Amino acid sequence: MSLDVSDADVLTDWFARTARVLPWRHPDTSAWGVLVSEIMLQQTPVARVEPSWLDWMTRWPVPSALAAATPAEVLRAWGKLGYPRRALRLRDAATVIAADHGDVVPSDVDTLLSLPGIGAYTARAVAAFAYRQRCPVVDTNVRRVIARAVHGAGDAGPASTTRDLADADALLPADPETAAQVSIALMELGALVCVARGPRCADCPVFDRCAWQHNGRPAYAGPAKPVQKFAGTDRQVRGLLLDVLRGTETPVTKARLDVVWSDAGQRDKCLDSLLVDGLVEQTVDGRFALPGEHR
Ligand code: SF4
């Protein structure tokens, strides 16, 4: 026995009863709002995204508004959400949407995929959650739910786009709106109940249908998963350097940046990578600033 498409109602009922109330899930949220939320939520917890998303929607309620902002304004508003290249790519996407799509986020997956910085997951999430299409959406959480409830494994193995999409597609009923509800319910289940460590199976709406339970809860047998660390990484150093620039309206000297990290080699490498990524610019007199503000 395993989770299958006949469990759609159980999943959608559970979602309707217990889902978190998040601002981007409000029925009045535009496709633009959904797109911004999906970019922000990549590798970033909901609690950190929520205030930033509300701020962005107030400042830039339509793509053309974001497209008109300077890169520096965008990076300041991104704050400490991390992975700041996402912010500039989102501005790039907004520019194309404003210029080529009448300031409206496209609804079909292929057109969404043609936008800067929009990958397979985000394109499908927008199609399903904003435009209520029958479109499988697979993130880490959904892969884990499917691995356990459908395949009876302890956790998901390495990703395989074709197989993962086919697995998710098999759980979606024909009706587009119900399929969209199932897609979001699977994500919520993986985020809140079928979590990576210590799944809360006693609270799970599909406990009776879960293949992992029926298999006797076998341990994960796939390749070891990399442990993500932050302290001491280049990502941390880049964040510290950007913090200095976000906190000032004027360009700063190299000395102001040097105080944030003691390892000069790592610090300089990170500053170079920020310059290469277009997240920092150097002024003609050799100081450093957020892009587009000072020349
Ligand atoms: S019963 Fe447990 S392992 Fe199975 S889907 Fe639910 S939370 Fe995940």
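Calculation criteria
- Every chain's residues receive numbers from 1 upward, in the order its sequence appears when written.
- Two thresholds apply to this predicted model, a pLDDT of at least 70 for residue-level local features and 80 or more for giving and counting side-chain atom pairs, whereas whole-chain, interface and lining totals are computed over all residues.
- Only heavy atoms go into the side-chain values, all of them from the structure, while hydrogens and water stay out.
- Pairing of aromatic rings covers Phe, Tyr and Trp, the last counted by its six-membered ring, and requires centre-to-centre distances within 6.5 Å; plane angles under 30 degrees mean stacked, over 60 mean edge-to-face, and any other angle means tilted.
- Note on classification: 1.4 Å probe, protein chains only; a residue is buried when its accessible area is under 20% of the maximum for its type, exposed when over 50%, partly exposed between these limits.
- Secondary structure is summarised from DSSP: a helix means a run of H or I of at least four residues, a strand means a run of E of at least two, and numbering begins at the N terminus for each.
- Charge over a ring is defined by NZ of Lys or CZ of Arg lying within 6 Å of the ring centre and within 35 degrees of the ring normal.
- One heavy atom within 4 Å of a molecule or strand is enough for the residue carrying it to be called near that molecule or strand.
- Both cavities and pockets are sets of points on a 1 Å grid over the protein atoms alone; in a cavity a 1.4 Å probe fits but cannot get out, in a pocket the set is open with protein on both sides within 12 Å along at least five of seven lines, and lining residues sit with an atom within 4 Å of a point.
- Here the criterion for a molecule occupying a pocket or cavity is that more than half of its atoms lie within 2 Å of the pocket grid points.
- Three classes are used, and their members are as follows: Ala, Val, Leu, Ile, Met, Phe, Trp, Tyr, Cys and Pro are nonpolar, Asp, Glu, Lys and Arg are charged, and the others, Gly among them, are polar.
- Grid points are joined across faces, edges and corners, and a volume is the space filled by probe spheres set on the points.

Going through the model one piece at a time under the given rule, you end up with three aromatic pairs. Here the aromatic rings of Trp56 and Trp60 are separated by 4.8 Å at their centres, their planes lie at 85°, and the arrangement is edge-to-face. On the accessibility criterion, Trp56 (1% relative accessible area) is buried. Look at Trp56 and Trp78: their rings are 5.5 Å apart centre to centre, the planes differ by 70°, and that puts the pair in the edge-to-face class. Residue Trp56 is found in helix 3 (residues 46-59), and its partner Trp78 is found in helix 5 (residues 71-78); the two are separated by 22 residues along the sequence. On the basis of relative accessibility, which here comes to 1%, the residue Trp78 falls in the buried class. Seen from the ring of Trp60, Arg59 lies directly overhead, with NZ or CZ sitting 5.5 Å from the centre. Sitting above the plane of the Trp212 ring, Arg148 keeps its charged end 5.6 Å from the centroid.

Here we come to the site of the ligand. For the ligand, the full set of nearby residues is Arg148, Ala149, Val193, Cys194, Cys201, Cys204, Phe207, Cys210, Trp212 and Gln213. Structurally, the ligand is housed in the largest cavity. The set of elements that each furnish at least two residues to the shell around the ligand consists of helix 9 (140-150) and helix 12 (211-214). Its residues placed into classes, the shell around the ligand shows eight nonpolar, one polar and one charged.

By the secondary structure assignment, Ser37 is in helix 2 (residues 31-41). The spacing of Ser37 and Ala153 is 116 residues in sequence and 31 Å in space, taken between C-alpha atoms.

Let's shift gears to unusual backbone geometry. For Tyr83, which is not glycine, the phi dihedral falls at a positive 45°. Along the polypeptide, Tyr83 turns up in the loop between helix 5 and helix 6 (85-100). One non-glycine residue with positive phi stands out, namely Asp103, at about 65°. Within the secondary structure, Asp103 sits in the loop between helix 6 and helix 7 (109-113). Take Asp103: its relative accessible area is 23%, and that puts it in the partly exposed class.

A separate point is empty space enclosed by the protein. Under the defined criterion, the tally for this structure stands at two cavities of 30 Å³ or more. By volume, the largest cavity is sized at about 120 Å³. Taken together, 15 residues form the lining of the largest cavity, with Cys194, Cys201, Cys204, Cys210 and Gln213 sitting closest to its centre. For the lining of the largest cavity, the secondary-structure elements that each account for two or more residues are helix 9 and helix 12. With three residues, helix 9 is the single largest residue contributor to the lining of the largest cavity. Across the lining of the largest cavity, the residue classes break down as 12 nonpolar, one polar and two charged. The volume enclosed by the second largest cavity comes to roughly 30 Å³. Lining the second largest cavity we find 10 residues, and of these Leu245, Thr248, Thr250, Ala289 and Leu290 sit closest to its centre. Along the lines of polarity and charge, the residues of the lining of the second largest cavity split into four nonpolar, three polar and three charged.

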